[in-house]
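# Summary of the model geometry
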Amino acid sequence: MGWPTPASTGVRWKPPESVTADNLVEVSGLRFGRSGRPIFSGLDLGVRRGSITAIMGPSGTGKTTLLRMITGQLRPEAGTVKVGGLDVASLARNELFDLRRRMGMLFQNSALLTDFNVFENVAFPVRENTRLPEALIRQLVLTKLNSVGLRGAAGLMPAELSGGMGRRVAMARAMVLDPELLLYDEPFSGLDPISLGVVLRLIRLNNDALGLTSIVVSHDVAEISHIADHCFVISEGRVIASGAPRELAESPSELVRQFMTGAADGPVPFHYPAPDYAEQLLGKPQ
Amino acid sequence: MTLPLQLWDGLLHSLRKLGAAILFLIEILKQCPAALARPKLISQQVRNSGVLSLIIIMTSAFFVGMVIGLQGYDSLSRLRQEDILGAGVALTLFKELGPVVTALLFAGRAGTSLASEIGLMRATDQLAAMEVMAIDPIRRIIAPRFIGAVISVPLLTAVFNAIGILGAWFIGVQVMGVDNGAFWSQMQEYVDPPDIYEGVLKSFVFGVTAGLVAVFEGYNAPPTAEGVGMATTRTVVTTSILVLIFDYTITAYLL
Ligand SMILES: Nc1ncnc2c1ncn2[C@@H]1O[C@H](COP(=O)(O)OP(=O)(O)OP(=O)(O)O)[C@@H](O)[C@H]1O
Ligand SMILES: [Mg+2]
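To keep things clear, this report deals only with the structure shown in the data block. Every value quoted in this text rests on a predicted model; they were computed, and no experiment measured them. Numbering of residues starts from 1 in each chain and follows the order in which that chain's sequence is written. Labels follow written order: the first chain is A, the first ligand is 1, and so on. Local features are withheld for residues below a pLDDT of 70 in this predicted model, meaning they are given only at 70 or higher, and side-chain atom pairs are given and counted only at 80 or more; totals for whole chains, interfaces and linings count all residues. With hydrogens and water stripped out, all remaining heavy atoms of the structure feed into the side-chain values.

### Some words on the site of ligand 1
Residue and element names in this part refer to chain A. We apply this condition: Definition of nearness: a residue and a molecule or strand are near each other if at least one heavy atom of the residue lies within 4 Å of the molecule or strand. For this analysis, a polar contact is any N or O atom pair within 3.5 Å, provided that within protein one partner can donate a hydrogen and the other can accept it, and provided that sequence-adjacent residues contribute only side-chain to side-chain pairs. Only DSSP runs of H or I covering at least 4 residues are called helices, and only runs of E covering at least 2 are called strands; the numbering of each starts at the N terminus. Lys, Arg, Asp and Glu make up the charged group, whereas Ala, Val, Leu, Ile, Met, Phe, Trp, Tyr, Cys and Pro make up the nonpolar group; the residues left over, Gly among them, are polar.
Close contacts around ligand 1 come from 15 residues, with Arg37, Ser59, Lys63, Thr64 and Thr65 the closest. The separation between a nitrogen atom of ligand 1 and a polar side-chain atom of arginine 34 is 3.0 Å. Note that an oxygen atom of ligand 1 is positioned 2.5 Å from one of the side-chain N or O atoms of threonine 65. When residues of the shell around ligand 1 are traced back to their parent elements, those giving at least two are strand S2 (37-48) and helix H1 (63-70). Of all the elements, H1 adds the most residues to the shell around ligand 1, at 3 residues. When grouped by side-chain class, the residues that make up the shell around ligand 1 number 2 nonpolar, 9 polar and 4 charged.

What follows is the structure in structure tokens.
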């Protein structure tokens, strides 16, 4: 298994710094709307192979939606989402499934299978997608559970887990097959400081030791800055800033500073589009 | 909106839904070979929807059998024809009541739980998570449940018929004093293989109907508590109506 690279000629080919061929995920001109409201209006971003890329942005800007497009659950109205050079929206169903075998995704709400216990949840993708012997599956699952600190919880049912534990189980499940691209939707929410540190190190470690590419969606500017190689800040359907975390923190842009410092008032709107507040409270017809 | 317009709208809505259901059935059928290759998943579903419906099916069958026994005895004794009670009961059960009542009970007992289970899986993103893990939910979740229903309903119908006859025998022979030998021999005399085939055909069609409606409603339920609740209700209503329509159609066609 490996992503198709232009280097397959055998000649050592070193891409220039800015060339897009080195991007594992490539989003260009993305447009998408929901219930008549535009969510993306011409979004462009690229995720470098082997990097940890953070996607930040206010709640409701479409970060989860973007991940759903990268995994082919939603189709863009215009523009393309390419993963490993393949246009996700144009793939046939079996090609899409082949592509997904190389991805892992941590859902924002964990999405554990409620009928199976923790062990079986993590083992599920292995059992369904491979024919490994039981002993190996056991070893694989326990190793992953151990790395998120939940080996002892292997026999519990999802309903018996706390939110943060469920998230860590979902994380073990997302990476159990060592995918080449890992998508994390809010991996830090609901974690205590200790698990948070563990999870942060785990994302970095996984990325470096296994040579993965990671996309981390998060609001936690401080946490994500520790591990991300590159950040994108999305607001109102476009990328409003991108760069290394340090560059963003020192950004002269008011937009980015507002996001980094968490002020409610500023160029990035805190409110979902709404009619005038006073008018609505006073009951005037809209 | 005026009434004719509303009716027209309702009709269009139903037709659109019918089309979607047929496409969904085709999708399921395509995945059936792969699902059949994993008999364990299917036997688990036969257990979930079939075995767990056994109690309600058997209880109902016994009472339905007793009441046909009683009514049949009452009618036949006016004609002094009590001896053919066994034949009358068997024909009623095999051709009509067995398949129909079993399908209706199945929709209420197993169809509802299938629909709400699948609806809840959708609402909690479990189906989406499977998709992303490159596991086709139609193959892994929907097809085994559908096949489970298609296997269960005919089997449950057979159980229903057997217990129903027992109920009728109990009332007719033990309580009302119909001759035991006549009860069974008249049954053998008048029940022909085509009568049995008719029942088997019906129970198979009803199994497909009940299974498809349940998984379709669950799979397409809006991902909310209310949406899942409504899908459950619609499962019973739709299955019941379709079963009665198909029952009439098959009977009319075969006669
Ligand atoms: N199923 C849906 N139907 C209609 N609109 C939707 C649906 N799902 C999401 N939206 C809308 O799409 C927008 C983006 O949602 P999304 O979940 O991608 O946001 P997000 O950036 O992940 O937010 P958060 O940080 O809170 O998770 C929101 O404004 C939301 O109202
Ligand atoms: Mg989100």
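### Comments concerning helix H6 (residues 193-209) of chain A
All names here are of chain A. Let me state the cut-off plainly: Residue count minus one, scaled by 1.5 Å, sets the expected span of a helix. Contact definition: two residues touch when any of their heavy atoms are within 4.5 Å.
The first and last C-alpha atoms of H6 sit 24 Å apart over 17 residues, in line with the 24 Å expected at 1.5 Å per residue. On the buried face of H6, the contacting elements are strand S3 (52-56), helix H4 (134-147), helix H5 (163-174), strand S7 (181-185), strand S8 (213-217) and helix H7 (221-227). Sitting at the head of H6, aspartate 192 places a side-chain oxygen 3.0 Å from the backbone nitrogen of isoleucine 194. Two residues or fewer after H6 comes glycine 211, characterised by a positive phi angle close to 65°.

### Observations concerning the sheet that holds strand S4 (residues 78-83) of chain A
Sheet strands pair via backbone hydrogen bonds, and the direction of the pair is either parallel or antiparallel. All names here are of chain A. Condition: A strand pair is defined by DSSP finding two or more bridges across the two strands. Axis geometry follows a simple rule: fit a line to the C-alpha atoms, using only the stretch in contact for helices, then measure angles between N-to-C directions, giving values from 0 to 180 degrees.
Judged by pairing direction, the sheet is antiparallel, and its 4 strands sit side by side in the order S2-S1-S4-S5 without closing on themselves. Only two strands of the sheet have a single neighbouring strand rather than two, namely S2 and strand S5 (86-87). For strand S1 (residues 23-34) and S4, the ladder comprises 5 bridges, and the chain directions are antiparallel. The residue bridging glutamate 26 from the neighbouring strand is lysine 82, located in S4. Sheet strands touched by H1: S1, S2 and S4. Its angle to S1, the strand with the most contacts, is close to 120°.

### Quick word on the pairing of S3(A)
Along any regular strand, the residues point their side chains to alternate faces of the sheet. Residue and element names in this part refer to chain A. What counts here: Think of it in three bands: residues with accessible area under 20% of the maximum for their type are buried, residues over 50% are exposed, and the middle band is partly exposed, with areas taken using a 1.4 Å probe on protein chains only.
Judged by how many residues are buried, S3 sits mostly within the fold: 5 of 5 residues are covered. Of the two faces of S3, the one carrying Ile52, Ala54 and Met56 and the one carrying Thr53 and Ile55 are both buried. Pairing of S3 with S8, which is carried by 4 bridges, proceeds in the parallel orientation. For isoleucine 52, the partnering residue across the bridge sits in S8 and is serine 214. The pairing of S3 with strand S9 (residues 230-235) spans 4 bridges and is parallel. If you follow threonine 53 over to S9, its bridge partner there is histidine 230.

### Observations regarding the pattern of salt bridges
The criterion, for reference: By convention in these notes, a salt bridge is any Lys or Arg side-chain nitrogen within 4 Å of a carboxyl oxygen on Asp or Glu.
Applying the stated rule across the entire model yields 22 salt bridges over all chains. Salt-bridge contacts for Arg93(A) lead to Glu131(B); the nearest nitrogen and oxygen are separated by 3.8 Å. Residue Arg93(A) is found in helix H2 (residues 93-100), and its partner Glu131(B) is found in helix H5 (residues 126-132); the two belong to separate chains. One salt bridge connects Asp136(B) with Arg93(A), and the closest N-O pair in it is separated by 3.0 Å. In this pair, Asp136(B) is assigned in the loop between H5 and helix H6 (137-175) and Arg93(A) in helix H2, connecting two distinct chains. Arg93(A) gets classed as partly exposed once you look at its relative accessible area, which sits at 40%.

### Describing the coordination of the magnesium ion (ligand 2)
Residues and elements named next belong to chain A. Using the following cut-off: Any N, O or S atom lying within 2.8 Å of the metal counts as a donor, with the limit raised to 3.2 Å for Na, K and Ca; because water is left out of the atom set, some sites can appear incomplete.
In the first shell of the magnesium ion (ligand 2), the protein supplies Thr64 (OG1) and Gln108 (OE1), at 1.9 to 2.3 Å from the metal. Highlighted residues: threonine 64 in helix H1 and glutamine 108 in the loop between strand S6 (103-106) and helix H3 (118-129), separated in sequence by 44 residues. Look at threonine 64 and you get partly exposed, because its relative accessible area is 22%. Residue glutamine 108 is classed as partly exposed on the basis of its relative accessible area, which comes to 38%.

### Topic: the pairing of S7(A)
All names here are of chain A. Definition in use: Here, the term right-handed applies to a crossover whose path from the first strand over the helix to the second runs clockwise when the strands point away from the viewer.
Counting buried residues along S7, 5 of its 5 residues qualify, which places the element largely inside the surrounding structure. Of the two faces of S7, the one holding Leu181, Leu183 and Asp185 and the one holding Leu182 and Tyr184 are both buried throughout. Relative to S7, S6 runs parallel, the two being bridged by 4 bridges. Following the sheet pairing, methionine 105 is matched in S7 by leucine 183. Alignment of S7 against S8, held across 5 bridges, turns out to be parallel. Residue pairing across strands places leucine 183 opposite isoleucine 215, the latter belonging to S8. With respect to chirality, the unit in which S7 leads through H6 into the neighbouring parallel S8 is right-handed.

### Topic: the sheet that holds S9(A)
Residues and elements named next belong to chain A. An order of S6-S7-S8-S3-S9-S10 is seen for the 6 strands of this open sheet, with the pairing classed as mixed. Whereas interior strands pair on both sides, the edge strands pair on one side only; in this sheet they are S6 and strand S10 (238-243). For this sheet, the mean angle separating the axes of adjacent strands, direction not counted, is 15°. On the sheet, H1 packs against S3, S6, S7, S8 and S9 and is oriented at approximately 155° with respect to S7.

### Points about the packing of helix H4 (residues 85-123) of chain B against helix H8 (residues 193-219) of chain B
Residue and element names in this part refer to chain B. Rule in force here: Roughly parallel covers angles under 35 degrees, roughly antiparallel covers those over 145, roughly perpendicular covers 65 to 115, and oblique covers all other angles. We call a crossing left-handed when the near helix sits turned anticlockwise from the far one by less than a right angle, and right-handed when that turn is clockwise.
Where H4 contacts H8, the axes come no closer than 8 Å and their chain directions differ by 15°. The orientation of H4 with respect to H8, classified from their angle, is roughly parallel. Remark: the crossing between H4 and H8 carries right-handed chirality. Across the contact of H4 with H8, the residue classes tally to 15 nonpolar, 5 polar and 6 charged.

### Description of helix H3 (residues 54-78) of chain B
Residue and element names in this part refer to chain B. A rise of 1.5 Å per residue sets the reference length of H3, with its 25 residues, at 36 Å; its end C-alpha atoms lie 36 Å apart and thus fit the reference within 8%. Here H3 has its buried residues at Ile57, Ser60, Ala61, Val64, Gly65, Met66, Ile68, Gly69, Gly72, Tyr73, Leu76 and Ser77. Buried positions along H3 lie against H4 and H6.

Structural measurements only, silent on function.
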